[in-house]
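Reading the structure
Spelled out from the first residue to the last, the chains are:
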Amino acid sequence: MFVVLLGPPGAGKGTQAQRIAAATSLLHISTGDMFRENVKNETALGQLAKTYMDRGDLVPDEVTIEMLLERIGRADAAAGAMFDGFPRNVVQARALDQALAARGARIDHALLISVSDQELIARLGGRWICRSCGALYHERNDPPTKADSCDRCGGPLYQRDDDRPEVVRTRLEKQKPPADLIAHYRAAGVLNEIDGEQPLGVVTAALLEAIR
Ligand code: AP5
């Protein structure tokens, strides 16, 4: 099964992808995490991506598509995957459709998580992430037991550079799923829209229901 998670920055794509992966063992592929890993390792791709991420812009399609296609070509993605943060536009969606079609597969579900701007700003400002295992927390909505360490692995928590208020403003202006991308999946008959302002567990249950 191949699933795409769509939604604006802070909608809960990463949080829900981690929960769905735990419940279904579906492989979680996050292009944002892949870029951050490259930034951390100071690769050429990371250095390029950082110039866009720091401004709140999308990384150019050709670079992003090449990275994603390489990732889904690996053996662990043969049976299926859940894409978090990809595609961001119709060019990326078509590239993914083509790559899946070449192996006799398709996107089975596109899950659109909708959240208001006011709530997105509050979520991104309060997000904390484990540097060791990537677990996601929110200081108000989903706090860790100890303020500065991960419940799951004990690793240190940090806030993302692109969660600074001025970058969040740009991300919200430029990175909401465009109408033609949503139309692309609606036309394919695979789109489901979920109210992402509900409590975490309610959203998870709705997403699992949609893919089962
Ligand atoms: P990426 O990492 O994908 O960032 P994003 O799309 O901006 O999404 P976020 O990770 O910020 O939010 P999320 O929806 O995952 O929310 P989360 O679960 O963390 O991309 C980063 C950058 O990489 C981009 O800016 C771009 O430059 C580049 N990039 C990535 N993919 C690309 C692509 N395909 N093409 C080009 N460039 C690309 O939740 C947020 C917070 O809210 C957390 O604290 C969480 O605990 C809390 N929360 C979640 N759900 C709930 C809930 N229901 N109730 C209460 N709190 C909640």
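Notes on the structure follow.

How each quantity is defined
- Residues numbered from 1 in each chain as written.
- Predicted model: local features only at pLDDT ≥ 70, side-chain atom pairs only at ≥ 80, totals over all residues.
- Heavy atoms only, no water.
- Pairing = 2+ DSSP bridges.
- Helix = DSSP H or I, 4+ residues; strand = E, 2+ residues; numbered from the N terminus.
- Axes fitted to C-alpha atoms, helices over the stretch in contact; angles between N-to-C directions.
- Contact = heavy atoms within 4.5 Å.
- Phe/Tyr/Trp six-rings, centres within 6.5 Å; stacked < 30°, edge-to-face > 60°.
- Buried < 20%, exposed > 50% of the residue type's maximum accessible area, 1.4 Å probe, protein only.
- Core = buried A, V, L, I, M, F, W, Y, C linked by side-chain atoms within 4.5 Å.

**Observations concerning the sheet that holds strand 1 (residues 2–6)**
One open sheet accounts for five strands, arranged 2-3-1-4-8; its pairing is parallel. Of all the strands in the sheet, just strand 2 (28–30) and strand 8 (191–195) have a single pairing partner and so form its edges. Averaged over neighbouring strand pairs, the angle between their axes works out to 20 degrees when direction is ignored. In terms of strand pairing, strand 1 meets strand 3 (residues 81–84) through four bridges, oriented parallel. What sits directly across from F2, in strand 3, is A81. Those strands touched by helix 2 (residues 31–40) are strand 2 and strand 3, and its axis lies near 60 degrees from that of strand 2.

**What to know about the packing of aromatic side chains**
Taken as a whole, this structure holds one aromatic pair when the rule is applied. When the centroid spacing of 6.3 Å and the interplanar angle of 10 degrees are considered together, the rings of F2 and F83 count as stacked. Of this pair, F2 sits in strand 1 while F83 sits in strand 3, placing them 81 residues apart in sequence. Neither residue differs from the other here; F2 and F83 are each classed as buried.

**Structural notes on the sheet that holds strand 5 (residues 127–130)**
One open sheet holds the three strands; their spatial order is 6-5-7, and the pairing between them is antiparallel. Only two strands of the sheet have a single neighbouring strand rather than two, namely strand 6 (136–138) and strand 7 (157–158). Where strand 5 lies against strand 7, two bridges are found, and the strand directions are antiparallel. If you follow C130 over to strand 7, its bridge partner there is L157.

**A closer look at the nonpolar core**
Formed by 30 residues in total, the largest nonpolar core has its most connected members in V4, I72, F83, L96, I107 and Y185. At the level of elements, strand 1, helix 2, helix 3 (44–53), helix 4 (61–72), strand 3, helix 5 (90–101), strand 4 (109–114) and helix 8 (179–187) are the ones that each hand at least two residues to this core. In contact with I72, not counting residues within four places along its chain, are I29, A77, F83, L96, A99, L100 and R103. Formed by 21 residues, the second largest nonpolar core is a distinct cluster that contains A17, M82, V115 and L124.

**A word on the pairing of strand 5**
Of the pairings in the sheet, the one linking strand 5 to strand 6 comprises three bridges and is antiparallel in character. What sits directly across from R127, in strand 6, is H138.

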